[in-house]
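Here is how the chains run, residue by residue.
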Amino acid sequence: MFDMFFQEPDVSKKPKQATEFSVTKFGEPLHKIQPRPYKKLSYSELVCTDEEKFHICLIIRGIAEQGYIQLLNNKSTFDEWKEKVKRVHPLKFLEFIFQNSDLSEHMVAIIGDFAKGMYFANELSANLQARHAVDDVVVHIPDFAAKLALPVKVLHDYCVKEKWQSLLFYLVEQKNPPKNGNTLQEQDN
């Protein structure tokens, strides 16, 4: 019964190659195969599940409320949370944040702290840039703008020029008007 486990391998036969990794069924090497086209979804088809929303809340509140040492100590936890929301389109991610007044206020705290703000802006910029590379940002701007009641042209201009950090600062400022009438930039001075 166990003889098959103790048999000498037949070295005269070549091992089978995995056809999906090396050669197609027509004999073409994979590097000559065109990648499948990216399926574009409408903005309404982009999803952000309740579980993903929960993890977005944990990420935003955690960054805003924790000090630097706590954030460093909890890096692995944040990495797990980020992993759980990585499939959420960055515009849906931002939509959820800025439609929630609590999270929107936390964004003021994040952007108001240079280190936290730059970390968040760089992470978001990388995700937006990756989507922009496959033409999956600008096409959604009209719907995104409508959801947040913001002017399409301004958001469109930020995206076309790939000014992701400026887009983020604009969203924070528009969704959290300063109480004393100053803009975020004026408050920093």
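Figured I'd write up the structure that's included with this text. (Residues numbered from 1 in each chain as written. Predicted model: local features only at pLDDT ≥ 70, side-chain atom pairs only at ≥ 80, totals over all residues. Heavy atoms only, no water.)

1. Section: the pattern of salt bridges
Line of reasoning, step 1. Inspection of the entire model under this criterion finds nine salt bridges.
Line of reasoning, step 2. For Lys-75, the salt bridge identified is with Asp-79, shortest N-O distance 2.9 Å. Placement of both Lys-75 and Asp-79 in helix H3 (residues 75-85) is noted, with a separation of four residues, approximately one turn of the helix.
Line of reasoning, step 3. Classification of Lys-75 by relative accessible area gives partly exposed; the value is 47%.
Line of reasoning, step 4. Owing to a relative accessible area of 30%, Asp-79 belongs among the partly exposed residues under this scheme.
Line of reasoning, step 5. Ionic pairing is found between Asp-136 and Arg-131, a salt bridge with its closest N-O pair at 2.8 Å. (Salt bridge = Lys/Arg side-chain N within 4 Å of Asp/Glu carboxyl O. Helix = DSSP H or I, 4+ residues; strand = E, 2+ residues; numbered from the N terminus. Buried < 20%, exposed > 50% of the residue type's maximum accessible area, 1.4 Å probe, protein only.)

2. Considering the environment of His-132
Line of reasoning, step 1. Tracing the sequence through the fold places His-132 in helix H6 (residues 114-133).
Line of reasoning, step 2. The spacing of His-132 and Glu-162 is 30 residues in sequence and 8.3 Å in space, taken between C-alpha atoms.
Line of reasoning, step 3. Setting aside residues no more than four positions away along its own chain, His-132 makes contact with Val-137, Val-138, Cys-159, Glu-162 and Trp-164. (Contact = heavy atoms within 4.5 Å.)

3. Some remarks on the packing of H6 against helix H9 (residues 164-175)
Line of reasoning, step 1. Contact pair H6 / H9: the axes reach a minimum separation of 8 Å and the direction vectors enclose 120°. The crossing of H6 and H9 is right-handed. Residue-level inspection shows Met-118, Phe-120, Ala-121, Asn-122, Leu-124, Ser-125, Leu-128, Gln-129 and His-132 of H6 in contact with H9, the latter providing Trp-164, Gln-165, Leu-167 and Leu-168.
Line of reasoning, step 2. Here the residues of the contact of H6 with H9 are counted per class, giving eight nonpolar, five polar and no charged. (Axes fitted to C-alpha atoms, helices over the stretch in contact; angles between N-to-C directions. Left-handed = near helix turned anticlockwise from the far one by under 90°. Nonpolar A, V, L, I, M, F, W, Y, C, P; charged D, E, K, R; others polar.)

4. Thoughts on the packing of helix H8 (residues 152-160) against H9
Line of reasoning, step 1. In the contact formed by H8 and H9, the axes pass within 8 Å of each other and the chain directions differ by 155°. The orientation of H8 relative to H9 falls into the category roughly antiparallel. Pair H8 / H9 crosses with left-handed handedness. Judged by residue contacts, Val-154, Leu-155, Tyr-158 and Cys-159 of H8 engage Trp-164, Ser-166, Leu-167, Tyr-170 and Leu-171 from H9. (Parallel < 35°, antiparallel > 145°, perpendicular 65-115°, else oblique.)

5. Digging into the nonpolar core
Line of reasoning, step 1. Ranked by internal contacts, the top residues of the largest apolar core, which has 43 residues, are Met-107, Phe-120 and Leu-168.
Line of reasoning, step 2. Looking at this core, the elements with two or more residues in it are helix H1 (50-65), H3, helix H4 (90-99), helix H5 (101-112), H6, helix H7 (141-148), H8 and H9.
Line of reasoning, step 3. Among all residues touching Phe-120, those that are not within four sequence positions of it are Ile-60, Ile-63, Phe-93, Ile-97, Met-107, Ile-110 and Leu-168. (Core = buried A, V, L, I, M, F, W, Y, C linked by side-chain atoms within 4.5 Å.)

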